[in-house]
Amino acid sequence: MPSPTPSTDAVIEISKLSTSFGDHVVHSGIDLEVRRGEIFAVIGGSGSGKSTLLREMILLHRPDTGSIRVLGVDLQALDGGDANGETLALRRRWGVMFQHGGLFGSLTVQENVGLPLREHTGLDDALIDEIAAAKLAMTGLEPQVGAQYPAELSGGMRKRASLARALALDPELLFLDEPTAGLDPESAGEVDQLVHKLRELFGLTIVMITHDLDLLWQLADRVAVLAEGKVQGVGSMSELAQMDNPAIRKFFDGPRGRAAHEQDKQQADVHTSGQTG
Amino acid sequence: MHPMSAAPAAIAHSSSQELVLSGAWTARGIGAIAPQLDAISAPAGQELRVDGARIEALDTAGAWVLQKLLQRLRGDGNALRLHGLRPEFARLLEAIEQQMADQERPLAASAIAPPSALEAVGRSTQAALEQGFALLSFVGECALALGGCIAHPARVRWRPILYNIRSAGFDALPIVGLLSFLLGVVVAYQGADQLRQYGANIFVADLIGLSMLREFAPLITAIIVAGRSGSAYAAQIGTMAVTEEIDAMRTLGIAPLDVLVLPKILALLIALPLLTVFADVLGVFGGMLMARAQLGVGFGDFLDRFVKAVSVTAYLIGVGKAPVFAAIIAVVGCFQGFRTRGGADSVGRQTTRAVVQSIFLVIVADALFSVAFSALDL
């Protein structure tokens with residue numbers, strides 16, 4: 001689904017980024033730019049360093065060299081203290097949905113979602129509970145789920161709860177780590193729509209890591225392909241589909257890649273005929 | 001979307017028929033005006049204009065508060081007209097209104113009354129009984145698995161047994177040695193005053209020998225090992241239960257008891273008596289040093305008296321208790337590990353339980369031994 005014209009100012013700028021763990025080089029010179037209001041996806045095979053890149057963008061890991069600017073702040077210049085003023089101010093402006101949820105097992109779902117509000121705002125408890133319930137409802141969870149503990153939820157519900165918590169402070173920037181991994185196709189489709197709806201409602205910029213080709217075709221405005229420590233190509237899915245780079249080709253050739261492409265074409269037809277009416 | 005410099009949210013009556021909203025209606029900006037909002041009212045049955053043109057930022061929390069205000073005023077019978085709101089804010093407000101209408105429907109999920117005192121007593125009794133029965137059945141399962149291993153010695157896993165002997169036994173030598181040495185010092189020091197009053201200095205060997213060998217060395221060793229290894233067993237098995245590793249093991253046709261529990265029990269059955277002997281030696285040595293320093297009893301005299309005072313039976317009684325303590329520690333630690341459900345906090349809870357219960361049971365067992373031995377005149 002093509003984007004409704006994202007404006008061009010950059011929310012994330014990465015330049016000449018290099019990372020290695022011991023002798024193992026993960027990134028050797030990565031340049032990327034994420035623009036305001038777009039849904040940006042990073043793809044790549046296992047071990048291509050996309051998770052490390054995400055961790056570097058959200059201040060959980062420091063790259064060896066290179067610079068990352070997020071929301072206009074140079075991450076290298078921050079001293080990395082967890083409760084430090086500037087770092088904290090930046091962290092409040094983004095939300096992260098972790099692959100396995102990262103929900104706190106000792107808190108109920110509603111307390112999990114309300115936690116950022118409780119920690120970082122002066123709102124009273126009753127209001128926080130109402131807002132947390134509203135966030136849960138926005139992510140499509142039933143009200144009674146709020147009283148349950150994360151261990152009692154299914155994988156899909158845990159992802160939704162995690163998303164609700166990421167949205168608690170109405171971030172400008174949302175990071176999604178494998179938003180549909182481990183979900184059944186129906187839940188994955190619902191996540192598609194959910195992410196789309198949230199972007200419409202809050203004008204979010206979304207950065208996601210995914211393997212889900214359907215999700216990429218449906219949702220991503222631009223996609224970066226990581227391989228061998230470098231960005232092999234950036235563009236919309238249909239642009240990438242035209243490129244000849246073998247590292248990119250392997251996402252499109254093969255039966256799964258083609259099936260996702262076909263399905264997207266069909267859906268696009270349905271959408272255009274529906275929207276003209 | 002969130003200008004960092006926006007002023008906090010504010011609300012004011014510009015006339016009796018117009019409310020002016022301004023500033024950042026965000027989670028951080030509305031903290032100060034929440035009480036003020038409750039005080040806003042308008043004479044009923046009037047048309048009220050709400051000017052939203054000067055709202056600089058609006059997020060879910062702000063929209064929620066604003067929507068609540070609007071609904072309250074509408075409920076008072078005022079006709080409201082909200083104007084001037086930026087389109088994206090209007091969209092958010094509309095979404096929140098929708099959300100609120102959905103939530104109106106019964107939200108009585110969290111209204112569970114706390115149990116009465118009687119109910120709490122009943123529930124904890126039931127839980128304790130249930131846990132007792134579960135422990136018994138776990139002991140039974142372990143005994144069956146052990147019997148199976150004895151019948152088929154090829155099933156015994158020697159490598160984890162050796163590993164556990166090293167981690168629970170050999171690695172514990174320094175701490176066990178140090179603590180029992182200090183215990184010997186303390187007992188001799190406390191006894192010295194009393195013995196000196198009666199001129200019975202040489203009997204310090206009886207005091208140290210019997211107390212260390214029969215009681216203190218086995219007990220202190222068991223308590224240290226319960227804290228060191230019992231907790232580690234519970235935490236390891238508990239984490240494996242949480243991450244579905246135990247289930248995976250079962251589906252692969254590997255009995256978790258054979259792999260995780262029996263090696264630990266067998267290793268501790270071997271290691272704890274050896275540690276106890278080591279604690280005996282260090283404890284008596286500590287007492288001997290103190291006897292010379294405080295009572296002037298030389299090493300030669302001490303050892304002469306020690307041989308006469310302390311029978312082999314006393315030594316064997318002490319060391320003989322160790323395997324029982326070992327079985328208690330390993331079984332309780334593993335049992336609590338297997339009972340872990342849910343997440344990280346459950347692992348912590350079960351680990352605490354493992355340590356508390358195994359130390360409790362070790363001391364109870366020690367008391368039973370004392371009763372039994374005195375009945376047998378040992």
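Remember, it's a predicted structure, so these values are computed and weren't measured experimentally.

### Overview of the sheet that holds strand β2 (residues 24-35) of chain A
Residues and elements named next belong to chain A.
Inference 1: Reading across the sheet, the four strands line up as β2-β1-β4-β5 and stay open at both edges, with antiparallel pairing between neighbours. If you trace the sheet from one side to the other, it starts and ends with β2 and β5 (73-74), each paired once.
Inference 2: In the sheet, strand β4 (residues 65-70) pairs with β5 via two bridges, with the strands oriented antiparallel. Paired with R69 across the two strands is D74, which belongs to β5.
Inference 3: In the packing of helix α1 (residues 50-57) onto the sheet, contacts are made with β1 (10-21), β2 and β4, and the angle to β1 comes to roughly 120°.

### Here we look at the sheet that holds strand β4 (residues 79-83) of chain B
Residues and elements named next belong to chain B.
Inference 1: Read from one edge to the other, the open sheet built from four strands follows the order β1-β2-β3-β4, with strand pairing classed as mixed. Each end of this open sheet is capped by a strand with a single partner; those strands are β1 (10-15) and β4. The mean inter-strand angle of the sheet, taken between neighbouring strand axes irrespective of direction, is 20°.
Inference 2: Where strand β2 (residues 18-25) and strand β3 (residues 47-58) come together, seven bridges link them in parallel fashion. Among the inter-strand pairings, V20 is bridged to a residue of β3, identified as D51.

### Brief notes about the interface of chain A and chain B
How big an interface is tends to be expressed through the accessible area that disappears when the partners come together.
Inference 1: Contact residues are listed per partner, giving 24 residues for chain A and 24 residues for chain B.
Inference 2: For the chain A face of the interface with chain B, the top three residues by lost area are A:E130, A:D170 and A:L201, together amounting to 21%.
Inference 3: The interface formed by chain A and chain B holds one salt bridge in total.
Inference 4: Between A:E130 and B:K68 there is a salt bridge whose closest N-O contact spans 3.0 Å.
Inference 5: For the side of chain A that touches chain B, the secondary structure elements donating two or more residues are α3 (109-120), α4 (125-138) and α6 (185-202) of chain A.
Inference 6: The leading source of residues in the side of chain A that touches chain B is α4(A), at eight residues.
Inference 7: Across the side of chain A that touches chain B, the residue classes tally to twelve nonpolar, five polar and seven charged.

### Details of the pairing of strand β9 (residues 222-227) of chain A
Residue and element names in this part refer to chain A.
Inference 1: Most of β9 sits out of view: six of its six residues are buried.
Inference 2: The alternating pattern of β9 places R222, A224 and L226 on one face and V223, V225 and A227 on the opposite face, and all of these are buried.
Inference 3: Here five bridges tie strand β3 (residues 39-44) to β9, and the two strands are oriented parallel to one another. Residue pairing for β9: G44 is matched across the bridge by L226.
Inference 4: With five bridges connecting them, β9 and strand β10 (residues 230-235) associate as antiparallel partners. From the neighbouring strand, A224 faces β10, where its bridge partner is V234.

### A short note on the layout of surface pockets
Inference 1: Computed from the structure, the largest pocket encloses a volume of approximately 1,000 Å³.
Inference 2: Looking at the largest pocket, it is lined by 38 residues, and the ones nearest its centre are B:A241, B:V242, B:T243, B:E244 and B:G342.
Inference 3: Within the residue set of the lining of the largest pocket, elements represented by two or more residues are α5 (155-166) of chain A together with α4 (117-151), α7 (204-242), α8 (245-251), α9 (256-295), α11 (312-338) and α12 (344-375) of chain B.
Inference 4: Each residue belonging to the lining of the largest pocket can be placed in one class, and the counts come to 16 nonpolar, 14 polar and eight charged.
Inference 5: Lining of the second largest pocket is provided by 20 residues; of these, A:R91, A:W94, A:P116, A:H120 and A:R165 occupy positions nearest its centre.
Inference 6: Listed by contribution, the elements that provide at least two residues to the lining of the second largest pocket are α2 (85-91), β6 (94-97), α3 and α5 of chain A.

### Comments concerning the UniProt feature "transmembrane region" (unreviewed entry) in chain B
Inference 1: Listed under "transmembrane region" (unreviewed entry) in the UniProt record, and renumbered for this structure, are residues 172-192, 265-291, 312-338 and 358-376 of chain B.
Inference 2: In residues 265-291 of chain B, the share of helix is 100% and the share of strand is 0%. The end C-alpha atoms are 38 Å apart.

### Observations regarding the nonpolar core
Inference 1: By size, the foremost hydrophobic cluster in this structure holds 72 residues, and its most contacted members are A:L123 and B:W25.
Inference 2: Among the elements that take part in this core, helix α2 (residues 60-75) of chain B stands out by supplying eight residues, more than any other.
Inference 3: In terms of nonpolar packing, the next biggest core, distinct from the first, is built from 69 residues, B:A222, B:L275, B:A279 and B:V331 among them.

### Considering the confidence of the model for chain A
Do not read the fine detail of predicted coordinates wherever pLDDT is low.
All names here are of chain A.
Inference 1: Across chain A, the average pLDDT comes to 83, with 90% of residues at 70 or higher.
Inference 2: No element of chain A has a lower mean pLDDT than helix α10 (residues 255-276), at 64, and none a higher one than strand β8 (residues 205-209), at 92.
Inference 3: Across residues 1-7, where pLDDT falls below 50, the model places 15 contacts with residues more than four positions away in sequence or in other chains.

### Here we look at the packing of α7(B) against α11(B)
All names here are of chain B.
Inference 1: The contact between α7 and α11 brings their axes to 8 Å, and the two run at 15°. Here α7 lies roughly parallel to α11, going by the angle between them. For α7 against α11, the interelement crossing comes out right-handed.
Inference 2: Within the contact of α7 with α11, the residues separate by chemical class into 19 nonpolar, five polar and three charged.

### Details of the packing of aromatic side chains
Inference 1: Scanning all chains against the criterion turns up seven aromatic pairs over all chains.
Inference 2: Consider the rings of B:F325 and B:F369, whose centres lie 6.4 Å apart with planes at 70°: the pair is edge-to-face. With a gap of 44 residues between them, B:F325 in helix α11 and B:F369 in helix α12 connect regions that are remote in the sequence.
Inference 3: Looking at B:F325, the relative accessible area reads 0%, which means it is buried.
Inference 4: Grouping aromatic residues by their ring pairs yields a cluster made of B:F138, B:F335 and B:F338.
Inference 5: Here the basic side chain of A:R165 rests over the ring of A:F104, its NZ or CZ set 4.8 Å away from the ring centre.
Inference 6: A cation sits over an aromatic face here: B:R292 above B:F299, 4.5 Å from the ring centre.

### Section: the state of the cysteines
Residue and element names in this part refer to chain B.
Inference 1: Per the counting criterion, the structure on display carries zero disulfides over all chains.
Inference 2: Between C142, a free cysteine, and C334, which holds the nearest cysteine sulfur, the sulfur-to-sulfur gap is 7.0 Å.
Inference 3: Of all cysteine sulfurs, the one in C142 lies closest to C149, which takes part in no disulfide; the gap is 11 Å.
Inference 4: For C149, a relative accessible area of 7% gives the class buried.

### What to know about the pattern of salt bridges
Residues and elements named next belong to chain B.
Inference 1: Considering all chains together, one arrives at 20 salt bridges over all chains under this definition.
Inference 2: Among the ionic pairs, D193 bridges to R196, the shortest N-O distance being 3.4 Å. Within this pair, D193 and its partner R196 are both found in helix α6 (residues 173-197), separated by three residues, close to a single helical turn.
Inference 3: By relative accessible area, R196 is classed as partly exposed at 39%.
Inference 4: One salt bridge connects D345 with R349, and the closest N-O pair in it is separated by 3.9 Å. Here R349 and D345 lie together in helix α12, a separation of four residues that amounts to about one turn.
Inference 5: Among the residues examined, D345 registers a relative accessible area of 32% and is labelled partly exposed.
Inference 6: Take R349: its relative accessible area is 43%, and that puts it in the partly exposed class.

What counts as what
- Residues numbered from 1 in each chain as written.
- Chains lettered and ligands numbered in written order.
- Predicted model: local features only at pLDDT ≥ 70, side-chain atom pairs only at ≥ 80, totals over all residues.
- Heavy atoms only, no water.
- Pairing = 2+ DSSP bridges.
- Helix = DSSP H or I, 4+ residues; strand = E, 2+ residues; numbered from the N terminus.
- Contact = heavy atoms within 4.5 Å.
- Axes fitted to C-alpha atoms, helices over the stretch in contact; angles between N-to-C directions.
- Buried area = accessible area lost by both parts, 1.4 Å probe.
- Salt bridge = Lys/Arg side-chain N within 4 Å of Asp/Glu carboxyl O.
- Nonpolar A, V, L, I, M, F, W, Y, C, P; charged D, E, K, R; others polar.
- Buried < 20%, exposed > 50% of the residue type's maximum accessible area, 1.4 Å probe, protein only.
- 1 Å grid on protein atoms, 1.4 Å probe; cavity = no way out; pocket = protein on both sides within 12 Å on 5 of 7 lines; lining within 4 Å.
- Points joined across faces, edges and corners; volume = space filled by probe spheres on them.
- UniProt positions renumbered as here; feature names shortened; annotations may be inferred.
- Core = buried A, V, L, I, M, F, W, Y, C linked by side-chain atoms within 4.5 Å.
- pLDDT = per-residue confidence, 0-100.
- Parallel < 35°, antiparallel > 145°, perpendicular 65-115°, else oblique.
- Left-handed = near helix turned anticlockwise from the far one by under 90°.
- Phe/Tyr/Trp six-rings, centres within 6.5 Å; stacked < 30°, edge-to-face > 60°.
- Lys NZ or Arg CZ within 6 Å of the ring centre and 35° of its normal.
- Disulfide = S-S within 2.5 Å.

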